[in-house]
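Single-letter residue listing:
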Amino acid sequence: MEKKTFVTKEQLDEIVKKYPTPFHLYDEKGIRENVKAVKEAFSWNEGFKEYFAVKANPNPFLVDILREYGCGCDCSSYTELMLSEAMGCTGDDIMFSSNDTPAEDYVYAGRLGATINLDDFTHIDFLEKTLGAIPKRISCRYNPGGVFEMGNGIMDNPGDAKYGMTTEQMFEAFRVLKEKGAEEFGIHAFLASNTVTNEYYPVLAKELFQLAVKLEQETGADIKFINLSGGVGIPYTPDMEANDIRVIGAGVKKVYEEVLVPAGMGDVAIYSEMGRFMMGPYGCLVTKAIHEKHTHKEYIGVDACAVDLMRPAMYGAYHHITVMGKEDKPCDHKYDIAGSLCENNDKFAVDRMLPEIEKGDLLVIHDTGAHGYAMGYNYNGKLKSAEILLKEDGSTQLIRRAETPKDYFATLDCFDIYSKLDQ
Ligand SMILES: Cc1ncc(COP(=O)(O)O)c(C=O)c1O
């Protein structure tokens, strides 16, 4: 599938007059259309709720768009809880799916009335001691171990993942939690990441539905929801076919009717905690070519670097690149597109065939809306970029300014660098 930018060259030329590159740009129209499709796909399930995985993109302006469509927040840390609370998202609207959780995070989640999703059996005692009691509504994260396989091969390796409880622990956890006063139970699992197939959710759902039936029968726990978590992927490369959320929703419905309904569990709510699928394609990193270097390879140096988008450096992940205004030119130049970090893996692309790039060209790096800005860091003293929303009417809104040196040095107040500088 051809990968197109959601912004035109003319629009971008105007935007860069106002906001210097690099920046992440988000597509309000795309976000809205997608969240509507997600709701529609699961409308057969009365209790369906998407808890947006805030870690994928913790920008309140973007999360607020999803909130308009009834989405909650999936939080994993204290500061994500703060962000949710500040957006007026509390109580059942928060799923707290954390791991290796500090006590203060549980205290905060408890105070907000969030649904706590326990990552480990030992956290039952820890939570009880921390909160003074087990909440009435509670969820447990499941990890069956082994490899997660589907018709088209191995998808991921849960046996190697630090998350979740074993099957035996799930049964024991439900028994113990019930004894300790829990009344409403949920099951959560995240078994494969970035799955670009319509089969992942249905296959996962079937496994969780079967487990839920057994858990309810054997422990007497009242299972209210099953959380399919994240993992629904997006086509980063042009040869991939995008998931169809309607087909995914219909696939989950089919197994729901096969497994849960006959077991008298036709009132169980389906939850999701998608991050990538909700935001990934609706963000891009806009950067400018500022240098070219001809040595053992041909390099284009851009003004963004891995602090703005870590996935290529961290995972060797592919992100498609469009050289704006040269979409129809032949891709007859082989480049490494590099940032300025003193790290050789700071490359947005390696040996990528692209049209000839000149200094000053704008490059759009696709699919940065999830796990993009959010993963950034400050290595080499690099400052994080701004975030801009391209609104439905074509106007733009700055939804996060770029970092300044002052932000970078803010935690060094014990040194007060500015009093020592001649500026
Ligand atoms: C607990 C949990 N839920 C949801 C997500 C979102 O995953 P994705 O962005 O793949 O949908 C993640 C991602 O790391 C996660 O750890």
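Up top is the structure.
What counts, and at which threshold
- Residues numbered from 1 in each chain as written.
- Predicted model: local features only at pLDDT ≥ 70, side-chain atom pairs only at ≥ 80, totals over all residues.
- Heavy atoms only, no water.
- Helix = DSSP H or I, 4+ residues; strand = E, 2+ residues; numbered from the N terminus.
- Rg over C-alpha atoms; globule rule 2.2 N^0.38 Å.
- Buried < 20%, exposed > 50% of the residue type's maximum accessible area, 1.4 Å probe, protein only.
- Contact = heavy atoms within 4.5 Å.
- Areas by Shrake-Rupley, 256 points an atom, 1.4 Å probe, with all protein chains shown as cover.
- Lys, Arg positive; Asp, Glu negative; His and termini not counted.
- Charge placed at Lys NZ, Arg CZ, Asp CG, Glu CD.
- Pairing = 2+ DSSP bridges.
- Axes fitted to C-alpha atoms, helices over the stretch in contact; angles between N-to-C directions.
- Near = heavy atom within 4 Å.
- Polar contact = N/O pair within 3.5 Å; in protein donor to acceptor, adjacent residues only side chain to side chain.
- Nonpolar A, V, L, I, M, F, W, Y, C, P; charged D, E, K, R; others polar.
- Core = buried A, V, L, I, M, F, W, Y, C linked by side-chain atoms within 4.5 Å.
- Phe/Tyr/Trp six-rings, centres within 6.5 Å; stacked < 30°, edge-to-face > 60°.
- Lys NZ or Arg CZ within 6 Å of the ring centre and 35° of its normal.
- Expected span 1.5 Å × (residues − 1).
- Arc of directions from axis to C-beta.
- Salt bridge = Lys/Arg side-chain N within 4 Å of Asp/Glu carboxyl O.

Visitor: I would appreciate a short explanation of the overall build of the protein in the present structure.
Guide: Within the protein, the regular secondary structure consists of 13 helices and 19 strands. Taking 2.2 N^0.38 as the reference for a compact globule, 423 residues should give roughly 22 Å; the C-alpha atoms of the protein span a radius of gyration of 23 Å, in line with that estimate. Each of the three principal axes of the protein carries a C-alpha extent, and together these read 65 × 55 × 45 Å. Across the 423 residues of the protein, 51% fall into the buried class. A separation threshold of at least 6 residues defines the contact pool for the protein, and within that pool the share at least 24 residues apart is 69%. Carbon and sulfur atoms make up 49% of the accessible area of the protein, which totals about 18,800 Å². Of the charged side chains in the protein, 45 are positive and 67 negative, and the gap between their average positions amounts to 2 Å.

Visitor: Would you take a moment to explain the sheet that holds strand β6 (residues 137-141) for this structure?
Guide: What links the strands of a sheet is backbone hydrogen bonding, and the strands pair in either a parallel or an antiparallel sense. Strand order in the closed barrel formed by eight strands is β2-β3-β4-β5-β6-β9-β10-β11, with parallel pairing between adjacent strands. For this sheet, the mean angle separating the axes of adjacent strands, direction not counted, is 25 degrees. The sheet strands contacting helix α6 (residues 123-131) are β5 (115-118) and β6, and the helix crosses β5 at an angle near 145 degrees.

Visitor: Sorry, what's going on with the site of the ligand here?
Guide: Taken together, 14 residues sit near the ligand, with K55, E273, G275, R276 and H371 positioned nearest. E273 places a polar side-chain atom, nitrogen or oxygen, 2.6 Å from a nitrogen atom of the ligand. Contacts to the ligand include R276, whose backbone N or O atom sits 2.8 Å from an oxygen atom. Relative to its unbound accessible surface of 390 Å², the ligand loses 88% to contact with the protein. Looking at the shell around the ligand residue by residue, the class counts come to three nonpolar, six polar and five charged.

Visitor: Even after reading the chapter, I still don't get the nonpolar core, so can you show me in this structure?
Guide: Generally speaking, nonpolar side chains in soluble globular proteins are found buried as a group. By size, the foremost hydrophobic cluster in this structure holds 88 residues, and its most contacted members are L177, I187 and F209. Judged by nonpolar contacts, the second largest core, of 16 residues, contains V302, L354, I357 and I365.

Visitor: Looking at this model, I keep getting lost on the packing of aromatic side chains. Mind explaining?
Guide: Each pair of aromatic rings is reported with the distance of its centres and the angle of its planes. In the structure shown here, the tally under the stated rule is 15 aromatic pairs. For the ring pair F42 and W44, a centre distance of 6.4 Å and an interplane angle of 40 degrees mean the geometry is tilted. Here the aromatic residues F42, W44, F48, F148, Y200, Y201, F209 and Y256 are joined through ring pairs into a cluster of three or more. Lying across the ring of Y51, K49 places its NZ or CZ 5.9 Å from the centre. Between K406 and the ring centre of Y418, over which it is positioned, the NZ or CZ distance is 5.5 Å.

Visitor: I would appreciate a short explanation of helix α9 (residues 245-260) in the present structure.
Guide: Because an α-helix packs 3.6 residues into every turn, residues spaced three or four apart end up facing the same way. For α9, built from 16 residues, the straight-helix expectation of 22 Å at 1.5 Å per residue is met to within 8% by its first-to-last C-alpha distance of 21 Å. Considered for burial, the residues of α9 that qualify are I245, I248, G249, G251, V252, V255, Y256, V259 and L260. Looking straight down α9, one finds that the buried residues subtend no more than 160 degrees of arc, so they occupy a single side. Along α9, exposed side chains directed more than 90 degrees from the buried face belong to R246 and K254. Buried residues belonging to α9 abut α2 (28-41), α8 (200-219), β10 (223-227), β11 (269-272) and α10 (276-279). Where α9 starts, the residue carrying a side-chain oxygen 2.9 Å from the main-chain nitrogen of R246 turns out to be D244.

Visitor: Would you mind showing me how to read the pattern of salt bridges here?
Guide: Oppositely charged side chains are able to pair whenever their charged atoms sit close together. Here the structure, examined in full by the defined rule, presents 25 salt bridges. Between K180 and E128 there is a salt bridge; the shortest N-O distance is 2.9 Å. With K180 in the loop between α7 (167-179) and β9 (184-188) and E128 in helix α6, the pair connects residues that are 52 residues apart, well separated along the chain. For K180, a relative accessible area of 29% gives the class partly exposed. Put simply, E258 and K206 hold a salt bridge, and the shortest N to O gap is 4.0 Å. Residue E258 is found in helix α9, and its partner K206 is found in helix α8; the two are separated by 52 residues along the sequence. Each of E28, R32, E68 and E392 takes part in one network of salt bridges that share partners.

Honestly, that's just the spatial picture; any functional story needs more than this.
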